[in-house]
Amino acid sequence: MHLLDIHSHILPNVDDGAKDLDASVELLKMMKEQGITDVIATPHFYASEDNLEDFNERITSSYNTLKKTVEELDLPEIHLGAEVFYFHGIRKSAGIRSLCLAGTEYLLLELPNCSLDGNIIKNIIEINSNLGIIPIIAHIERYSKERGFKKLLELIEKEIAYAQVNALSVLQPPYSKTVNKLMKNGYISFIATDTHSVVNRPPLMDLALNEVEKNFGKKYSDMYIANSDKLLKIIQGAANGK
Ligand SMILES: [Fe+2]
């Protein structure tokens, strides 16, 4: 069984994550110690600031540099994705397919920290129904106080979207209570590090999985590992053109 981290700012010098190659290597070494075998690099994409082509060129170049080092040092395997910040009209943007997680149809989607109005909910539904892309809501715990959160949970119940929580949020306030509640009710599919640096959200995957096991039993923590392994198999299938 592999353990895949689906959300990380591990690429050197592309966003507010790892500032250079040494910083990326340091984080990947920590991840390896925690049992992580595979990592999806998910640099921030803001449609208001970036153009899709330039962004893809920039992250691919950074990814290729890191990939070479990872292979030399026998670190967790890296895969390329993005964390896409919600933008008006995303439901009609076929181009976002190039930002899906490592050639799959899953898109890591970050929502604005404001009320989840009908427009946002409609866009999420139509990303799925019109574009055939399945959103994974990044760190869903952050939005639990927003108006419209219940509607978001309904989309998850219907498997129109999936949800990810941050490892740090599993472990401590202000989000640990919310995370426990969401986990207990079956809304969460993935735990990820969302690591930016050794100071800002360092990888805490092993501690988070231990906490889940302590709170809900091994069946739960095993389920999150198995979900990550399932996604990795889809990634590998996509890479082999299946
Ligand atoms: Fe992130």
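Fair warning: this is a prediction, and the values are worked out from it, not measured in the lab. (Residues numbered from 1 in each chain as written. Predicted model: local features only at pLDDT ≥ 70, side-chain atom pairs only at ≥ 80, totals over all residues. Heavy atoms only, no water.)

**A closer look at the overall build of the chain**
Each helix and strand counted, the chain has eight helices and nine strands in total. Principal-axis analysis of the C-alpha atoms gives the chain an extent of 50 × 45 × 35 Å. The burial tally for the chain puts 53% of its 242 residues in the buried class. Averaging the positions of the 26 positive and the 33 negative side-chain charges in the chain gives two centres separated by 8 Å. (Helix = DSSP H or I, 4+ residues; strand = E, 2+ residues; numbered from the N terminus. Buried < 20%, exposed > 50% of the residue type's maximum accessible area, 1.4 Å probe, protein only. Lys, Arg positive; Asp, Glu negative; His and termini not counted. Charge placed at Lys NZ, Arg CZ, Asp CG, Glu CD.)

**Thoughts on the packing of helix α6 (residues 176-184) against helix α7 (residues 205-216)**
At a closest axis distance of 12 Å, the pairing of α6 and α7 adopts a crossing angle of 65°. Relative to α7, the crossing made by α6 is right-handed. On α7, the residues touching Asn180, Met183 and Lys184 of α6 are Val212, Asn215 and Phe216. Tallied by class, the residues present in the contact of α6 with α7 amount to three nonpolar, two polar and one charged. (Axes fitted to C-alpha atoms, helices over the stretch in contact; angles between N-to-C directions. Left-handed = near helix turned anticlockwise from the far one by under 90°. Contact = heavy atoms within 4.5 Å. Nonpolar A, V, L, I, M, F, W, Y, C, P; charged D, E, K, R; others polar.)

**What about the coordination of the iron ion?**
The protein atoms that coordinate the iron ion are His7 (NE2), His9 (NE2), Glu83 (OE) and Asp194 (OD), at distances of 2.1 to 2.3 Å. The site at the iron ion holds four donor atoms, and with the angles between them running 79 to 165°, its shape is irregular. When its relative accessible area of 1% is taken as the criterion, His9 is described as buried. (Donors = N, O, S within 2.8 Å, 3.2 Å for Na, K, Ca; no water. Tetrahedral: all angles 85-135°; square planar, octahedral: opposite > 155°, others 65-115°.)

**Topic: the pattern of salt bridges**
Taken as a whole and assessed by the stated rule, the structure comprises 10 salt bridges. Between Glu71 and Lys67 there is a salt bridge, with the nearest N and O atoms lying 3.7 Å from each other. Pair noted here: Glu71 and Lys67 are both in helix α2 (residues 52-73), with a separation of four residues, about one helical turn. Its relative accessible area of 24% is what places Lys67 among the partly exposed residues. With a closest N to O distance of 2.5 Å, Arg201 and Asp194 form a salt bridge. The pair Arg201 / Asp194 is uniform in exposure class, with both members buried. Connected through salt bridges with shared partners, the residues Arg142, Asp194 and Arg201 form a single ionic network. (Salt bridge = Lys/Arg side-chain N within 4 Å of Asp/Glu carboxyl O.)

**Observations regarding the nonpolar core**
Of all hydrophobic cores here, the largest spans 65 residues; its most connected members are Leu111, Ile140 and Ile191. Once residues within four sequence positions are removed from consideration, Leu111 is found in contact with Phe85, Tyr86, Leu116, Ile120, Ile124, Ile137, Tyr143 and Leu152. By size, the runner-up hydrophobic cluster in this structure holds 15 residues, among which are Ile6, Ala102, Tyr106 and Ala138. (Core = buried A, V, L, I, M, F, W, Y, C linked by side-chain atoms within 4.5 Å.)

**Some words on the environment of His44**
Locating His44 in the fold gives a position in strand β3 (residues 44-45). As for His44 and Asn13, which are separated by 31 residues in sequence, their C-alpha atoms are 12 Å apart. Engagement of the side chain of His44 in a polar contact is seen with the side chain of Glu83, the distance being 3.4 Å. (Polar contact = N/O pair within 3.5 Å; in protein donor to acceptor, adjacent residues only side chain to side chain.)

**Quick notes on the side chain of Asp50**
Relative to the helices and strands, Asp50 resides in the loop between β3 and α2. Here Arg58 takes part through its side chain, which lies 3.0 Å from a polar atom of the side chain of Asp50.

**Overview of unusual backbone geometry**
A negative phi angle characterises most non-glycine residues, just as the trans form characterises most peptide bonds. Cis geometry marks the peptide bond from Pro173 to Pro174; its omega dihedral reads 10°. Tracing the chain through its elements places Pro174 in the loop between α5 (167-171) and α6. Of note in the backbone geometry, Ala102 takes a positive phi value of approximately 45° without being a glycine. Structurally, Ala102 is set in the loop between β5 (83-85) and β6 (106-110).

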